[in-house]
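# Descriptive structure summary
Here's the letter readout for the chains.
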Amino acid sequence: MTELSTDVWPAAPIRTERLVLRESEARDRATVIELDASPEVGTYLGGPRPRADLERLVPEVPGRRPGFFVVELDGAAIGTVQLDPHNPEIAPDRRAAGETELGYLFLPEAWGHGYAFEACAAALDWFSGVLPGEPVVLYTQTANVRSMRLAAKLGFTEQERFEAYGAEQWFGVRSPAR
């Protein structure tokens, strides 16, 4: 796999019908901390992280790396979408399916409006243009019904289910032909 690099990053802002996906800035720090500290957001991700730890650890400009998008609605950050290298330490036997993993976090008030689909679809389209032919993988807990629906709507196909972190996990792949 060819990884996302600084040659293609920062990406120009991606505009959808309602959203803007852009590179992270210092003004996004509060939203990133809120996402990671939120009990609702952390429900299927091992729980919220302590806000005091996040205040200490989150850099001034969070997520400053290729593939990290802040999602904006009407000028306000509502979430993030990440296209990150698939971590071989977490799932070494699944790496052959694809080496880039899609992740996303949205503030609870942004749930249920289709923003996650709109933002993830735009990021995946961008990725396909930068690295044509590269598949993308996604993990989610099977108990996370919304995430399971989103994966299907985005064109991810189930490869397997497995037990990890005390819960059943779903692993899917989106082929570049989609």
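Note that the structure is predicted; figures quoted are calculated from it, not measured. (Residues numbered from 1 in each chain as written. Predicted model: local features only at pLDDT ≥ 70, side-chain atom pairs only at ≥ 80, totals over all residues. Heavy atoms only, no water.)

### Concerning the environment of Phe68
Assignment of secondary structure puts Phe68 in strand 3 (residues 68-73). The buried category is assigned to Phe68, whose relative accessible area is 6%. In this structure, the C-alpha to C-alpha distance between Phe68 and Glu23, residues 45 residues apart in sequence, is 6.7 Å. Apart from the residues within four sequence positions on either side, Phe68 is in contact with Trp9, Arg22, Glu23, Ser24, Val32, Pro62, Gly63, Thr80, Val81 and Gln82. (Helix = DSSP H or I, 4+ residues; strand = E, 2+ residues; numbered from the N terminus. Buried < 20%, exposed > 50% of the residue type's maximum accessible area, 1.4 Å probe, protein only. Contact = heavy atoms within 4.5 Å.)

### Comments concerning the pairing of strand 2 (residues 19-22)
Both faces of strand 2 are covered, namely the face carrying Leu19 and Leu21 and the face carrying Val20 and Arg22. Note: strand 1 (residues 14-15) against strand 2, 2 bridges, orientation antiparallel. Among the inter-strand pairings, Arg15 is bridged to a residue of strand 2, identified as Val20. Connecting strand 1 to the next strand, strand 2, in antiparallel fashion are 3 residues. Here 4 bridges tie strand 2 to strand 3, and the two strands are oriented antiparallel to one another. Residue Val20 lies in a different strand from strand 3, and its bridge partner there is Glu72. (Pairing = 2+ DSSP bridges.)

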